[in-house]
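# Topology and contacts: notes
What follows is each chain in one-letter form.
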Amino acid sequence: MLLRELIRTIRTARTQAEEREMIQKECAAIRSSFREEDNTYRCRNVAKLLYMHMLGYPAHFGQLECLKLIASQKFTDKRIGYLGAMLLLDERQDVHLLMTNCIKNDLNHSTQYVQGLALCTLGCMGSSEMCRDLAGEVEKLLKTSNSYLRKKAALCAVHVIRKVPELMEMFLPATKNLLSEKNHGVLHTSVVLLTEMCERSPDMLAHFRKLVPQLVRILKNLIMSGYSPEHDVSGISDPFLQVRILRLLRILGKSDDDSSEAMNDILAQVATNTETSKNVGNAILYETVLTIMDIKSESGLRVLAINILGRFLLNNDKNIRYVALTSLLKTVQTDHNAVQRHRSTIVDCLKDLDVSIKRRAMELSFALVNGNNIRGMMKELLYFLDSCDPEFKADCASGVFLAAEKYGTDRQTSLHITPAGSYVRDDSVPNLIQLITNSVEMHAYTVQRLYKALLDDISQQPLVQVASWCTGEYGDLLVSGQCEEEEPIQVTEDEVLDVLEGLLVSNLSTPVTRGYSLTAIMKLSTRFSSVNRIKKVVLIYGSSIDVELQQRAVEYNALFKKYDHMRPALLERMPIMEKTAANGPTEIVQTNGETEANPNPNIAIITIHASNATEADMTDFVFQAAVPKTFQLQLLSPSSNVVPALNQGTVTQVIRVLNPQKVSLSFTNCLTYTLKGSPVQDLAEVNNFPPQSWQ
Amino acid sequence: MQFMLLFSRQGKLRLQKWYVPLSDKEKKKITRELVQTVLARKPKMCSFLEWRDLKVVYKRYASLYFCCAIEEQDNELITLEIIHRYVELLDKYFGSVCELDIIFNFEKAYFILDEFLLGGEAQETSKKTVLKAIEQADLLQEVRPHVVTLHFNSALFLIRLLRLN
């Protein structure tokens with residue numbers, strides 16, 4: 001059966017079962033044909049097999065046949081054979097290695113289209129072994145004057161380098177005059193190759209920096225040259241090449257003043273002259289903006305870039321808006337003021353219909369909140385919180401509280417924030433509690449609202465925890481009906497205790513929540529008069545199966561009995577808590593020296609925990625230490641070299657210090673890391689080790 | 001680019017090009033999930049979505065979805081242009097291409113793709129050059145299958161002509 005006939009037949013099948021039957025029949029026929037080693041119909045049979053494979057049926061018995069087709073002299077056979085290899089074979093199977101010799105021969109074939117097939121296959125799915133074997137052939141073709149082959153060889157080389165990075169060096173000589181090519185295909189693929197090499201090796205990067213003037217020239221020609229029908233896309237000359245050059249320039253200009261300066265003019269030119277009515281132009285502008293922001297560009301250029309992004313935000317095309325928000329998110333830390341100017345447009349994007357756009361707008365909005373705009377922003381964000389999809393609510397609520405905590409809020413805003421408490425994540429509970437504690441004048445209102453929330457629904461654990469904590473703290477305000485902001489509710493002490501005890505027994509409460517409730521009940525013993533009831537509850541839980549609850553109950557019991565005189569003092573109102581977040585770089589590392597018992601008394605083992613309270617992650621974090629000559633130091637590998645922002649994780653590293661002379665332990669440490677794109681170095685001396693660590 | 005998928009509105013796969021090594025099982029899983037995700041998108045949504053650690057760029061042309069998975073540092077907007085260029089190439093080759101062309105000539109669709117992209121990157125930015133290369137390669141095909149293809153294409157053309165009347 002011919003291929004097209006088969007396709008037509010299979011498409012007439014009305015059920016899955018019918019289709020399966022047809023396929024099985026055909027596969028059987030094909031299998032026997034393969035067994036007969038029929039050369040004439042092998043090509044057609046493999047093609048049929050590939051069709052069936054696309055429908056989802058197994059086709060592994062055709063793998064060897066593909067190899068036979070590749071080895072054939074006929075072009076038709078090779079075409080289907082290579083296609084089959086790319087679809088059916090993968091580097092996990094040893095079978096693919098059998099291709100290596102065929103590919104080698106075909107790379108040297110007299111017909112360029114055969115060579116092309118081989119290069120394409122190698123560049124698409126070549127395994128590391130194959131790449132190692134054939135890299136030499138690829139390198140040879142990279143130097144040919146035939147542009148059809150040269151462009152393919154360049155991309156094939158990219159694949160080889162990705163698979164076997166050590167081979168990168170051998171392609172270096174061939175790159176010498178790649179950029180002097182006039183052929184756009186070769187130019188494009190050469191730029192891709194150069195980009196790959198620069199990304200992988202700092203040496204290559206330094207080596208290729210000298211190409212910046214040439215790249216600038218090529219880009220300039222593309223922009224200035226007149227209409228070129230062959231490469232024109234909506235009035236722009238070869239946008240694909242332009243974008244790739246801009247990307248390479250970005251890599252070359254990063255952290256290099258001279259290169260950045262050399263490309264300054266062309267970037268300004270592209271940024272101002274590119275036609276923005278179609279997607280093509282915007283694609284180029286987008287890449288230009290990314291480049292401007294990454295290199296050491298002058299401030300005027302940076303502002304130009306951010307303004308382009310601002311214009312993107314107003315574009316009708318939602319794709320452009322999405323891309324703008326993503327880019328602004330990347331730059332908001334470094335160019336905060338410039339991004340602030342577009343705040344209102346960003347906030348408008350909260351109302352967009354697209355989920356991805358909304359999420360980015362939300363993240364960006366939080367990044368833009370500061371002391372000046374907090375009131376206005378809070379209003380918008382709270383409105384968003386009310387109306388947004390459930391998947392956003394937790395993050396939005398937590399963001400709202402973080403912002404409120406950081407910049408302080410007035411009564412009006414606090415009034416509106418409290419309902420948002422129902423959406424917070426677990427990790428925001430301490431933050432929320434701190435916020436509530438510090439908003440002294442709001443205590444009565446807050447406890448009332450949270451108590452009402454408890455009456456409604458006790459399934460949201462974070463909310464329940466915060467609510468029970470508040471009820472314990474401010475229960476006296478609750479029953480005395482002191483709320484000014486809204487109608488005070490009438491509630492008795494017994495009712496409050498009912499609710500809290502209800503939490504203790506409810507199936508919905510987690511152990512953590514139960515702990516909160518028990519403590520809250522205990523606190524009320526100094527605020528309520530029904531102490532006996534509380535004593536009874538505490539007594540019961542002294543034999544709880546939950547160890548945590550049991551321990552608490554036993555301790556509270558002891559408070560009632562032996563330490564009753566201390567009870568009022570212990571359970572009194574919480575004082576205003578100090579802010580735990582510090583934004584200055586000086587307070588980032590908490591070096592926590594610990595010593596452990598170890599077999600060699602001359603060795604001190606020190607564990608360092610590094611945490612980061614700033615808003616951005618610290619990357620490339622390296623801890624170095626220098627010690628006086630009497631010591632020997634061994635630094636073991638750190639757990640990571642990224643210290644997550646906002647105390648979300650720590651990096652630990654172990655140091656072993658050999659101190660045979662038992663001299664007082666001290667060392668100078670040097671921290672290097674990258675924060676918000678800039679390298680930072682911090683030196684400090686540590687010498688307050690406990691005596692037992694070195695004696 | 002890590003991979004490109006073409007699928008119909010009913011979720012039937014019409015072309016799959018993988019530029020990263022994955023097992024058949026993994027490919028099937030990814031295809032299934034991604035097709036589901038893209039088909040669930042509403043028309044008002046943008047053409048980009050984050051999926052696992054990749055960016056996915058998709059666009060619908062008539063009854064076919066063209067879907068590409070690109071990496072973090074790749075430009076989404078130019079990827080849309082890449083997809084468009086491929087559609088233009090198919091259109092020029094088949095003459096007003098439709099889904100049926102891709103179904104019945106899937107191997108040709110692959111050949112064209114492989115003359116345009118290599119290893120996930122564009123190897124040629126001139127439409128004319130790509131089409132010329134395919135034309136020349138087609139001529140190299142040995143007579144028998146070529147004649148069959150010609151016949152079939154002519155037959156299709158006639159059928160279309162008849163249908164129009």
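For the structure, check the block above.
Residues numbered from 1 in each chain as written. Chains lettered and ligands numbered in written order. Predicted model: local features only at pLDDT ≥ 70, side-chain atom pairs only at ≥ 80, totals over all residues. Heavy atoms only, no water.

Here the focus is the overall build of chain B. Across its full length, chain B carries 6 helices and 7 strands. Reading chain B from its N terminus to its C terminus gives the helix and strand order β-β-α-β-β-β-α-α-α-β-β-α-α. Residues counted as buried form 58% of the 165 residues belonging to chain B. Considering only intrachain contacts with a sequence separation of at least 6, the fraction spanning at least 24 residues in chain B is 48%. Of the accessible surface of chain B, which amounts to about 7600 Å², a share of 57% is contributed by carbon and sulfur atoms. (Helix = DSSP H or I, 4+ residues; strand = E, 2+ residues; numbered from the N terminus. Buried < 20%, exposed > 50% of the residue type's maximum accessible area, 1.4 Å probe, protein only. Contact = heavy atoms within 4.5 Å. Areas by Shrake-Rupley, 256 points an atom, 1.4 Å probe, with all protein chains shown as cover.)

Right, let's get into the packing of helix 17 (residues 318-331) of chain A against helix 20 (residues 355-368) of chain A. All names here are of chain A. The interhelical angle for the contact between helix 17 and helix 20, taken along N-to-C directions, is 30°, at an axis separation of 9 Å. By the angle class used here, helix 17 and helix 20 are roughly parallel. The hand of the helix 17/helix 20 crossing is left-handed. From helix 17, Lys318, Arg321, Tyr322, Leu325, Thr326, Leu328 and Leu329 reach across to helix 20, where they touch Ser356, Ile357, Arg360, Ala361, Glu363 and Leu364. Here the residues of the contact of helix 17 with helix 20 sort into 7 nonpolar, 2 polar and 4 charged. (Axes fitted to C-alpha atoms, helices over the stretch in contact; angles between N-to-C directions. Parallel < 35°, antiparallel > 145°, perpendicular 65-115°, else oblique. Left-handed = near helix turned anticlockwise from the far one by under 90°. Nonpolar A, V, L, I, M, F, W, Y, C, P; charged D, E, K, R; others polar.)

This paragraph deals with the interface of chain B and chain A. At the junction of the two partners, chain B supplies 67 residues and chain A supplies 70 residues. Both sides of the chain B and chain A interface together cover about 6200 Å² of buried area, and 57% of this is carbon and sulfur. Sorting the residues of chain B by area buried against chain A places Leu77, Leu118 and Thr125 of chain B first, and these three jointly supply 11% of that buried surface. Arginine 41 of chain B is the salt-bridge partner of aspartate 354 of chain A, the closest N and O atoms lying 3.9 Å from each other. On the surface where chain B and chain A come into contact, there are 27 residue pairs in polar contact (both at pLDDT 80 or more). In terms of residue class, the side of chain B that touches chain A is built from 29 nonpolar, 14 polar and 24 charged. (Buried area = accessible area lost by both parts, 1.4 Å probe. Salt bridge = Lys/Arg side-chain N within 4 Å of Asp/Glu carboxyl O. Polar contact = N/O pair within 3.5 Å; in protein donor to acceptor, adjacent residues only side chain to side chain.)

Here we take up the sheet that holds strand 3 (residues 603-610) of chain A. All names here are of chain A. One open sheet holds the 3 strands; their spatial order is 3-6-5, and the pairing between them is antiparallel. Looking at strand neighbours, the two that pair on one side only are strand 3 and strand 5 (632-635), the edges of this open sheet. Direction aside, the axes of adjacent strands within the sheet are offset by 25° on average. As judged from the 8 bridges shared by strand 3 and strand 6 (residues 651-658), these two strands associate in the antiparallel manner. Across the sheet, alanine 604 pairs through a bridge with valine 657, a residue of strand 6. (Pairing = 2+ DSSP bridges.)

Turning our eyes to something else, we now look at the sheet that holds strand 4 (residues 618-626) of chain A. All names here are of chain A. Pairing in this open sheet of 3 strands is antiparallel, and the strands run 4-7-8 from one edge to the other. Strands at the two margins of the open sheet, each flanked by one partner only, are strand 4 and strand 8 (678-686). With strand direction ignored, the average angle separating the axes of adjacent strands in the sheet is 15°. Pairing analysis gives 9 bridges linking strand 7 (residues 667-675) to strand 8, with the strands arranged antiparallel. Residue pairing across strands places threonine 674 opposite proline 679, the latter belonging to strand 8.

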